[in-house]
Amino acid sequence: MIPSQVFNALQARQAEVEAFIRSLVEIESPSGDAEGSRGVVDLLVQAASGLACVDAIERVDVPDFGQHLVVKAFQKGSQQQILMVGHTDTVHSLGSLSERPWRREAGKIYGPGIFDMKANCALAIEVLRTLVELQATPAYGVTIVLTCDEEVGSLNGWPLIEKVAKEKPARCAFVMEPPASGGRVKTSRKGTGIFAIKVEGKAAHAGLEPEKGASAILELARQTEQLHAINLSGSGITLNVGVVHGGTRSNVVAAEAQGEIDVRFSTEAESHEIERILSSLKPIDERTKVFVSGSINRPPMERTAAVVELFEKARAIAADLDFDLGEAQVGGASDGNFLAAMGIPVLDGLGISGDGAHAVHEHIEAGDIARRGALIGGLLMSI
Ligand SMILES: [Zn+2]
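Everything numeric here is computed off the predicted structure, so don't read it as measured data.

Asker: Give me the coordination of the zinc ion: which residues, what numbers.
Answerer: Around the zinc ion, the protein supplies His87 (NE2), Asp116 (OD), Glu177 (OE) and Glu177 (OE) as donor atoms, at distances of 1.9 to 2.7 Å. Viewed at the metal, the four donor atoms of the zinc ion are separated by angles of 52 to 140 degrees, and the geometry they form is irregular. Counting residues between consecutive donors of the zinc ion along the chain gives the motif H-x28-D-x60-E. Placement of histidine 87 in strand S3 (residues 81-87) and of aspartate 116 in helix H5 (residues 114-133) is noted, with a sequence separation of 29 residues between them.

The following block contains the structure:
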């Protein structure tokens, strides 16, 4: 009956948990703001260091960014670990807080970065506190990794997560990112790739002798049309030529043109397929040349049998707590993509329900805090 006990304990502490979340929101920490990052980490360390289950706290300096935080709990006697991954940086620039201060209205709490994902950083620590209170010990160590550069691509944060994930075999990873609409957890995320296409044509006077030219712009347009046709094929691949440049003057047949391409795919097989398609593009007008560069940058987080098993566990716990937990497949990538590529079963989007990530109406549902905490606590105890 652990989930309902965690729920009751968190509900009894609702005011304190909200105050903790508020203190984190009220230190602005846009990616790259070292002072803000350290301020947020200070508060998290303060909260974690008093807990009997915490074995180690590590602050990792990141030049020009601030600090990552690693909190290890319940590690004694366990050769394996459960990872909880999140981030302390936000996309909201300094000054957002004075424009949109903490506000609690009709059960919603507004604040820059609260939904994505300061409330979830607080919740991770609060779940540990509650388990200690209930004298509940998970079967595996619990390792929380909160990075400070996720919103700008985890260049420094991902290697740290990977290192921590390799220290002890990971049973599974919970990514504390915001859930999809309706509080649904994310059981698969598409992989992503960024490519560029460059076309070389032949310049000519557009009025005097256009037949001597080969338009790079026309060729790029035809290639774009062909590539976008992939979106209609019913596979998990989506492709978008999102930026184009080309030509020099309106009276010159364009000698060159370029496009930037975003690709998404659901499986590793599809990532090979898209690489094959892009690397074998042939010019439609044979007087032009077509070059493609770029690569896959995030592998897909696939909905494997192990992921489904985790989700079913979460769903059963939610049902015990009287709510229906849904799942979502999303196109955007997270650190969960890399964890999945390491072969670790990942449940993503475990954060508190709300809406407006990265937007001015960003908020969480106050009534979901204890419920999500109970779901996470229940999961930690059931693995
Ligand atoms: Zn996030």
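Asker: Describe the side chain of aspartate 89, listing the residues and the values that go with them.
Answerer: Position of aspartate 89 relative to the elements: it lies in the loop between S3 and helix H4 (96-99). Here glutamate 151 takes part through its backbone nitrogen, which lies 2.9 Å from a polar atom of the side chain of aspartate 89.

Asker: Account for empty space enclosed by the protein, naming residues and giving values.
Answerer: On inspection of all chains with the given rule, the structure shows two cavities of 30 Å³ or more. Each pocket or cavity is described by its volume, and for the largest cavity that value is around 40 Å³. Lining the largest cavity are Val25, Ile27, Glu28, Ser29, Thr90, His92, Pro112 and Lys118. When grouped by side-chain class, the residues that make up the lining of the largest cavity number three nonpolar, three polar and two charged. Val85, Gly86, His87, Glu150, Val175, Glu177, Ser334 and Asp335 together form the lining of the second largest cavity. The dominant element in the lining of the second largest cavity, judged by the number of residues it contributes, is S3, at three residues.

Asker: With reference to specific residues and values, describe the sheet that holds strand S15 (residues 354-355).
Answerer: Taken together, the four strands give an open sheet; going across it, the order is S4-S5-S16-S15, and neighbouring strands pair in antiparallel fashion. This sheet does not close on itself; its edge strands, each paired only once, are strand S4 (103-105) and S15. With three bridges connecting them, strand S5 (residues 108-110) and strand S16 (residues 363-365) associate as antiparallel partners. When the sheet's bridge partners are listed, tyrosine 110 is paired in S16 with histidine 363.

Asker: Explain helix H7 (residues 216-228) to me, using residue names and the numbers behind them.
Answerer: Helix length check: H7, at 13 residues, gives a terminal C-alpha distance of 18 Å against a target of 18 Å (1.5 Å per residue), a fit within 8%. Every buried residue of H7 is accounted for by Ala216, Glu219, Leu220, Gln223, Thr224 and Leu227. The buried side chains of H7 occupy one side of the element, clustering within an arc of 140 degrees when seen end-on. Its buried side turned inward, H7 meets strand S9 (191-200), strand S10 (238-246), strand S11 (256-265), helix H8 (268-279) and strand S12 (289-298). For H7, the capping residue at the N-terminal end is serine 215, with a side-chain oxygen 3.2 Å from the backbone nitrogen of isoleucine 217.

Asker: Break down the nonpolar core for me, citing the residues and quoting the values.
Answerer: Counting 68 residues, the largest nonpolar core has Ile21 and Phe174 as its most contacted members. If you tally residues by element for this core, the top one is H5, at twelve residues.

Asker: Explain the pairing of strand S13 (residues 327-330) residue by residue, including any values.
Answerer: Across the two faces of S13 the burial differs, with Ala328 and Val330 buried and Glu327 and Gln329 not buried at all. Pairing analysis gives four bridges linking strand S8 (residues 185-189) to S13, with the strands arranged parallel. The residue of S13 that forms the bridge with serine 188 is glutamine 329.

Asker: So, the layout of surface pockets: which residues are in play, and what are the values?
Answerer: Approximately 250 Å³ is the volume attributed to the largest pocket. Around the largest pocket sit 16 residues that line it, and Asp116, Glu177, Lys186, Arg189 and Ala333 are the ones nearest its centre. Broken down by secondary-structure element, the contributors of at least two residues to the lining of the largest pocket are H5 and S8. In the lining of the largest pocket, the residues fall into six nonpolar, four polar and six charged.

Criteria and thresholds
- Residue indices follow the written sequence of each chain, beginning from 1 at its first position.
- Given that the model is predicted, a residue must reach a pLDDT of at least 70 before its local features are reported, and side-chain atom pairs must reach 80 or more before they are shown or counted; all residues, however, enter totals for whole chains, interfaces and linings.
- As a convention, hydrogens and water are excluded, and side-chain values are obtained from all of the structure's heavy atoms.
- Only nitrogen, oxygen and sulfur atoms qualify as donors, and only when within 2.8 Å of the metal (3.2 Å in the case of Na, K and Ca); with water excluded, sites may look incomplete.
- Any site counts as irregular unless it has four donors with all angles between 85 and 135 degrees, making it tetrahedral, or four or six donors with opposite ones more than 155 degrees apart and the rest between 65 and 115, making it square planar or octahedral.
- Every helix listed is a DSSP run of H or I at least four residues long, and every strand listed is a run of E at least two residues long, numbered separately from the N terminus.
- Contacts described as polar in this section are N or O atom pairs within 3.5 Å, which, within protein, must combine one atom able to donate a hydrogen with one able to accept it, while residues neighboring in sequence count only if both atoms come from side chains.
- The way it works is a 1 Å grid over only the protein atoms, where trapped points that fit a 1.4 Å probe form a cavity and open points with protein on both sides within 12 Å along at least five of seven lines form a pocket, and then any residue with an atom within 4 Å of a point lines it.
- Grid points are joined across faces, edges and corners, and a volume is the space filled by probe spheres set on the points.
- Residues are grouped as follows: Ala, Val, Leu, Ile, Met, Phe, Trp, Tyr, Cys and Pro are nonpolar; Asp, Glu, Lys and Arg are charged; all remaining types, including Gly, are polar.
- Two strands are counted as paired when DSSP detects at least two bridges linking them.
- Take the residue count of a helix, subtract one, and multiply by 1.5 Å to get its expected span.
- Three labels apply to residues, based on accessible area from a 1.4 Å probe with only protein chains included: buried if under 20% of the type maximum, exposed if over 50%, partly exposed otherwise in between.
- Directions drawn from the helix axis to the C-beta atoms are what define this arc.
- Contacts between residues were defined by any pair of non-hydrogen atoms, one from each residue, lying within 4.5 Å.
- Residue types Ala, Val, Leu, Ile, Met, Phe, Trp, Tyr and Cys, when buried and joined through side-chain atoms within 4.5 Å, form a set referred to as a nonpolar core.

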